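# Remarks on the overall topology
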Amino acid sequence: MPIEIPAAEGTAEALVARPSTATGPVPGVILYMDAFGLRPRIQEMAQRIADWGYVVLAPNVFYRDGTVAELAPAGDMSTQEGREAAGKAAFPRVGRLTPDKALPDIIAWVSALAGLDGVAPGPIGTTGYCMGARLAVRTATSHPDVVAACGGFHGGGLATDEPDSPHLKLGNARARFVFGHADHDRSMAADAVARLGEALQTAGLEAANQIYAGAPHGYTMADTSVFDPDATERHFRELRALLDATLKG
């Protein structure tokens, strides 16, 4: 179900997925898309999570650049050439979504989720993919009293030398974290994974921080050439365990 959200600099579209069978209020989850935007694959993933017993909100975090329809990939991303072509349009948007823009938007996403029908009061979860993993971490670190679970899968740039690197704020968080990193990922190399692990440990956070052997960057995205079914199913298992333990325990 599409909705519109008043965000920091305009109106943002978002997808909402609800449980197919559950009744009564259920916990809320924010799903942060990858660089290729809101599209049927993101809706599929949101619905699968919702059917575990959650209301899932997936915002168009690139609303400043255009509507969902305007930003949708124009070609077939199931080939390497098609994915690379889509990336030429998508990747510059990632760089423009700086923390000073993302953080005010996160306030809007958290507020919108809380206001949805059927969302139970209490803690929420968040999960993000590729650049969305950074947004998931920033949500957990900027709203520690609200976010109890944070997942990040084939994320990039989670632990860098930049002064605004997401890992530097982990001391603010109270959530439980699960990271499933792509193998040999230029955007999140092994030394960055280690740095992230050290930051999680220093912050005293309960976390899993693992590299999925052989899984490429973007492995969960079934509409692209890098889809890895086994890594995707592993991610769903670990994400469900995280959400159920923190939001339903």
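The paragraphs below set out a description of the structure included in this document. (Residues numbered from 1 in each chain as written. Predicted model: local features only at pLDDT ≥ 70, side-chain atom pairs only at ≥ 80, totals over all residues. Heavy atoms only, no water.)

Overall, the coordinates contain one cavity of 30 Å³ or more when judged by the stated rule. There is about 30 Å³ of room inside the largest cavity. Contributing to the lining of the largest cavity are Y32, V61, L97, A102, D105, I106, W109 and L135. If you tally residues by element for the lining of the largest cavity, the top one is helix α4 (residues 99-115), at four residues. Tallied by class, the residues present in the lining of the largest cavity amount to seven nonpolar, no polar and one charged. (1 Å grid on protein atoms, 1.4 Å probe; cavity = no way out; pocket = protein on both sides within 12 Å on 5 of 7 lines; lining within 4 Å. Points joined across faces, edges and corners; volume = space filled by probe spheres on them. Helix = DSSP H or I, 4+ residues; strand = E, 2+ residues; numbered from the N terminus. Nonpolar A, V, L, I, M, F, W, Y, C, P; charged D, E, K, R; others polar.)

Moving on: the pairing of strand β5 (residues 124-129). If a strand is regular, its side chains alternate between the two faces of the sheet. Counting buried residues along β5, six of its six residues qualify, which places the element largely inside the surrounding structure. Residues I124, T126 and G128 line one face of β5 and the alternating positions G125, T127 and Y129 line the opposite face, and both faces are buried. The pairing of strand β3 (residues 28-32) with β5 spans four bridges and is parallel. Bridged to I30 within β5 is T126. The sheet contact formed by β5 and strand β6 (residues 147-153) spans six bridges and is parallel. Along β6, the bridge assignment pairs G125 with A149. This β-α-β element, β5 to helix α5 (residues 131-142) to β6, shows right-handed connectivity. (Buried < 20%, exposed > 50% of the residue type's maximum accessible area, 1.4 Å probe, protein only. Pairing = 2+ DSSP bridges. Right-handed = clockwise from strand over helix to strand, strands pointing away.)

Moving on: the packing of helix α1 (residues 40-50) against helix α7 (residues 229-247). Across the interface, α1 lies against α7 with an axial gap of 11 Å and an inter-helix angle of 45 degrees. Between α1 and α7, the interaxial angle falls into the category oblique. Of the two possible hands of crossing, α1 and α7 adopt the one that is right-handed. Between α1 and α7, the residues in contact are R41, M45, R48 and I49 and T232, E233, H235, F236, L239 and L243, respectively. Looking at the contact of α1 with α7 residue by residue, the classes come out as five nonpolar, two polar and three charged. (Axes fitted to C-alpha atoms, helices over the stretch in contact; angles between N-to-C directions. Parallel < 35°, antiparallel > 145°, perpendicular 65-115°, else oblique. Left-handed = near helix turned anticlockwise from the far one by under 90°. Contact = heavy atoms within 4.5 Å.)

A word on the pattern of salt bridges. Evaluation of the coordinates by the stated rule reveals 13 salt bridges. For D223, the salt bridge is made with R39, and the minimal N-O distance between the two is 2.6 Å. One end of the pair, D223, is in the loop between β8 (207-212) and α7; the other, R39, is in the loop between β3 and α1, with 184 residues separating them in the sequence. A salt bridge links D161 to R195, with the shortest nitrogen-to-oxygen separation between them at 2.9 Å. In this pair, D161 sits in the loop between β6 and β7 (176-182) while R195 sits in helix α6 (residues 190-202), placing the two residues 34 residues apart along the sequence. According to the relative accessible area criterion, R195 is partly exposed, its value standing at 29%. Through salt bridges with shared partners, a single ionic network connects E9, R64 and D105. (Salt bridge = Lys/Arg side-chain N within 4 Å of Asp/Glu carboxyl O.)

A separate point is the nonpolar core. In terms of nonpolar packing, the biggest core is built from 85 residues, with I49, W109 and F177 touching the most fellow members. Considering each element in turn, this core owes the most residues, seven residues, to α4. Setting aside residues up to four positions removed in sequence, I49 forms contacts with L31, Y54, V56, T127, Y129, F236, L239 and L243. (Core = buried A, V, L, I, M, F, W, Y, C linked by side-chain atoms within 4.5 Å.)

Structural measurements only, silent on function.
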